[in-house]
Amino acid sequence: MDICIIGAGYVGLTTAAVLADIGHTVYCTDVDEEKIKKLQQGIIPIYEPGLTEMIAKNQEKGKLFFDTDSKRYMADCPCIMIAVGTPSAKNGSADMVYVKGVIDALSQTIRTPKIIILKSTVPPGTADWIEADLQRQGVDKRLFEIVSNPEFLREGTAIEDTVHPDRIVIGAKQSEAALKVQELYQNLQTQFLITDRLEAELIKYASNAFLATKISFINEIARICDAYHADIMEVSRGIGMDRRIGPRFLQAGLGYGGSCFPKDVNALNYVAAAKDIQLDLVQAVKKINRSQVDIYLNKITHSLGKRSDKPRIAVWGATFKENTDDIRYSQAIVLMKKLIRKGYQVYAYDPLVSPKLSSVVWCSNPYEAVEQADLLVVATAWSAFLEADWDRVKALMKRPVIVDGRNCLNRKTVEMYGFEYVGVGRP
Ligand SMILES: NC(=O)c1ccc[n+]([C@@H]2O[C@H](COP(=O)([O-])OP(=O)(O)OC[C@H]3O[C@@H](n4cnc5c(N)ncnc54)[C@H](O)[C@@H]3O)[C@@H](O)[C@H]2O)c1
Ligand SMILES: O=c1ccn([C@@H]2O[C@H](COP(=O)(O)OP(=O)(O)O[C@H]3O[C@H](CO)[C@@H](O)[C@H](O)[C@H]3O)[C@@H](O)[C@H]2O)c(=O)[nH]1
């Protein structure tokens, strides 16, 4: 089928590449001219393992195209997928300005029957609102179906998650449209849940809130482990062996960041409040996540002790997690800002990014960052950090202290090299 994907971000690009790879002809459009120009030249504007190769392969095969002319492809393709951003507005709600922009453009182009697939993460009721808005703008209801089809990919493993998803959720009031969307994915081995649109929209918000809850829960248990000198890694392993709980998303550390959990947890809270429902659990999840960086800050201050000079801290990692270049709501960056505010010198290194941050000195490799450092914080679990040359690191540092912000290092190994190891919930 010919598919027009609106929005060439993490979701739009990954979905475009995979749908082209399983046989569809995909036209991916974006308002960002610079981005589209790069994509047409084979330059991928984001870092996502495997994406460059999959895009190149399908461009060569004539299955994948990039363009700025959304209206042309909206008019031509029977299937339109919306994958634009839905960032947090100031009041915590999902800012629908980009979705609304797409709907306005769509209202001017629909002349033949369309299936409009909503991939962006949106509040419950959005599909109904789009349906009403298009009709208000004069589009004949017989010409379109709106289907909610939320995306569950993770950055860093986006291709794998899209090719082998745990499930594909299709929210469509009319089963005919649902079946057509299911057909789009028929070459993927997965299970389908066909439900109504409101439920599909809520499944997405609830999934992200639940995963964020798992993380805040384990971070709270890590605080108890700290107090009782117990090892959170063992506790987490033991909890996760229960199949009712499962081992994933139980890694204690600096807390969750990224472009999804913080904004979607806020948006869920907002839609609940709009119906006078107070989400006590969700509030607690947010509160724990906010204070998680401070727990590390206290550990760092405690380790450095009272000093007359300005301690030098090396921070490894700036992205919100490994294998991505995304720094949206990164806890590593929150930590760096707090360290600077405390008056410390911060020398940082990340394999992919060096964002402008007042007073942070960016280094060209991890070893340069630790030169003369009083303490090293591992803020993102990049594999290069796990396999560091610890002899070299120790020789370069002023004091051999490592604060493991992701509980990702092998404690025994770094202690063997003579480091003092500080984690959360690691006695
Ligand atoms: N990033 C993820 O891992 C992830 C995973 C699942 C779901 N989501 C959801 O998917 C949606 C997209 O997320 P993302 O991270 O890919 O966003 P992104 O910010 O990386 O990309 C969005 C793109 O949409 C473009 N755009 C905005 N308005 C447009 C318009 N009118 N026409 C054409 N292009 C337009 C922007 O220029 C941008 O390139 C969000 O709702 C997000 O919550 C994201
Ligand atoms: O045990 C864990 C797992 C994750 N994290 C942190 O949680 C954040 C989010 O990680 P992850 O979920 O792996 O990345 P995202 O790409 O943000 O993916 C989430 O958000 C996407 C956007 O909605 C969804 O599609 C995915 O299903 C959902 O996992 C990161 O800061 C991680 O470091 C932890 O602290 N501990």
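Since the structure is predicted, the reported quantities are computational estimates derived from the model, not experimental observations.

### Re the overall build of the chain
Then comes step 1: Each helix and strand counted, the chain has 17 helices and 14 strands in total.
Then comes step 2: A globule of 427 residues ought to have a C-alpha radius of gyration of about 22 Å, and the chain, at 23 Å, matches this closely.
Then comes step 3: For the chain, the C-alpha atoms occupy an extent of roughly 70 × 50 × 40 Å along the three principal directions.
Then comes step 4: Out of the 427 residues belonging to the chain, those deemed buried represent 44%.
Then comes step 5: Considering only intrachain contacts with a sequence separation of at least 6, the fraction spanning at least 24 residues in the chain is 71%.

### Structural notes on the site of ligand 2
Then comes step 1: Near ligand 2 there are 21 residues, and of these Glu155, Gln251, Tyr256, Gly258 and Cys260 occur at the shortest range.
Then comes step 2: At the level of secondary structure, the elements contributing two or more residues to the shell around ligand 2 comprise helix H9 (197–228) and helix H11 (261–273).
Then comes step 3: Among the elements that take part in the shell around ligand 2, H9 stands out by supplying three residues, more than any other.
Then comes step 4: The residue makeup of the shell around ligand 2, split by class, is ten nonpolar, six polar and five charged.
Then comes step 5: Of the domains in this structure, domain 1 (2–195) and domain 2 (196–427) are the two that each give at least three residues to the shell around ligand 2.

### Examining the site of ligand 1
Then comes step 1: With respect to spatial proximity, 27 residues lie near ligand 1, and among them Gly7, Gly9, Val11, Ser120 and Thr121 are the closest.
Then comes step 2: Taken together, the elements giving at least two residues each to the shell around ligand 1 come down to helix H1 (10–21) and helix H5 (97–107).
Then comes step 3: Split into classes, the residues belonging to the shell around ligand 1 amount to eleven nonpolar, eleven polar and five charged.

### Quick word on the packing of H9 against helix H10 (residues 232–240)
Then comes step 1: For the pair H9 and H10, the least separation of the axes is 9 Å and the interaxial angle reads 135°. Taken together, H9 and H10 sit at an angle that is classed as oblique. As for the relative orientation of H9 and H10, their crossing is right-handed in sense. Facing Ile218, Ile221, Ala222 and Cys225 of H9, the residues of H10 in contact are Ile232, Val235 and Ser236.
Then comes step 2: Of the residues that constitute the contact of H9 with H10, the class distribution is six nonpolar, one polar and no charged.

### Thoughts on the UniProt feature "binding site: substrate" (unreviewed entry) in the chain
Then comes step 1: Residues annotated in UniProt with the feature "binding site: substrate" (unreviewed entry) correspond here to Phe152, Leu153, Arg154, Glu155, Lys204, Phe249, Leu250, Gln251, Ala252, Gly253, Gly257 and Lys321. Separation in sequence by 170 residues is matched in space for these annotated residues, since their most distant C-alpha atoms are 24.2 Å apart.
Then comes step 2: Topologically, phenylalanine 249 is positioned in the loop between H10 and H11.
Then comes step 3: On the neighbour-count criterion, phenylalanine 249 (17 C-beta atoms within 10 Å) is partly exposed.
Then comes step 4: Discounting residues that sit within four places of it in the chain, phenylalanine 249 has contacts with Leu211, Lys214 and Ile215.
Then comes step 5: Looking at where glutamine 251 falls in the secondary structure, it is placed in the loop between H10 and H11.

### Points about the nonpolar core
Then comes step 1: In terms of nonpolar packing, the biggest core is built from 118 residues, with Ile80, Ile82, Ile117, Val315, Leu335, Leu376 and Val377 touching the most fellow members.
Then comes step 2: Ranked by the residues each element gives to this core, the list is headed by H9, at nine residues.
Then comes step 3: Apart from residues lying up to four places away in sequence, leucine 335 is in contact with Leu254, Val293, Tyr296, Val377 and Ala379.

### Details of the UniProt feature "active site" (unreviewed entry) in the chain
Then comes step 1: When the UniProt feature table is mapped onto this chain numbering, "active site" (unreviewed entry) sits at Cys260.
Then comes step 2: Summarising the element assignment, cysteine 260 is placed in the loop between H10 and H11.

### Regarding H5
Then comes step 1: Every buried residue of H5 is accounted for by Val99, Val102, Ile103 and Leu106. End-on view of H5: buried residues confined to an arc of 100°, all on one side of the axis. Exposed and facing more than 90 degrees away from the buried side of H5 are Val97 and Asp104.

### As for the domain arrangement of the chain
Then comes step 1: Looking at the chain, the domain boundaries give domain 1 (2–195) and domain 2 (196–427).
Then comes step 2: Each of domain 1 and domain 2 has a C-alpha centre, and the two are 32 Å apart.
Then comes step 3: Contacts between the two partners involve 28 residues from domain 1, matched on the other side by 25 residues from domain 2.
Then comes step 4: When residues of the side of domain 1 that touches domain 2 are traced back to their parent elements, those giving at least two are helix H6 (126–136) and strand E7 (167–171).
Then comes step 5: Tallied by class, residues from the side of domain 1 that touches domain 2 come to 14 nonpolar, eleven polar and three charged.

### What about the sheet that holds strand E10 (residues 345–349)?
Then comes step 1: Ordered by their spatial adjacency, six strands build an open sheet running E11-E10-E9-E12-E13-E14, and the pairing between neighbours is parallel. The sheet is open, and its two edges are formed by strand E11 (360–362) and strand E14 (420–422), each paired on a single side. The average angle at which neighbouring strand axes cross in this sheet is 25°, direction not considered.
Then comes step 2: As judged from the three bridges shared by strand E13 (residues 401–404) and E14, these two strands associate in the parallel manner. Bridged to valine 401 within E14 is glutamate 420.

Conventions and cut-offs
Residues numbered from 1 in each chain as written. Chains lettered and ligands numbered in written order. Predicted model: local features only at pLDDT ≥ 70, side-chain atom pairs only at ≥ 80, totals over all residues. Helix = DSSP H or I, 4+ residues; strand = E, 2+ residues; numbered from the N terminus. Rg over C-alpha atoms; globule rule 2.2 N^0.38 Å. Buried ≥ 20, exposed ≤ 12 C-beta atoms within 10 Å, placed from the backbone. Contact = placed C-beta atoms within 7 Å. Near = placed C-beta within 6 Å. Nonpolar A, V, L, I, M, F, W, Y, C, P; charged D, E, K, R; others polar. Domains from an automatic or database assignment. Axes fitted to C-alpha atoms, helices over the stretch in contact; angles between N-to-C directions. Parallel < 35°, antiparallel > 145°, perpendicular 65-115°, else oblique. Left-handed = near helix turned anticlockwise from the far one by under 90°. UniProt positions renumbered as here; feature names shortened; annotations may be inferred. Core = buried A, V, L, I, M, F, W, Y, C linked by C-beta atoms within 7 Å. Arc of directions from axis to C-beta. Pairing = 2+ DSSP bridges.

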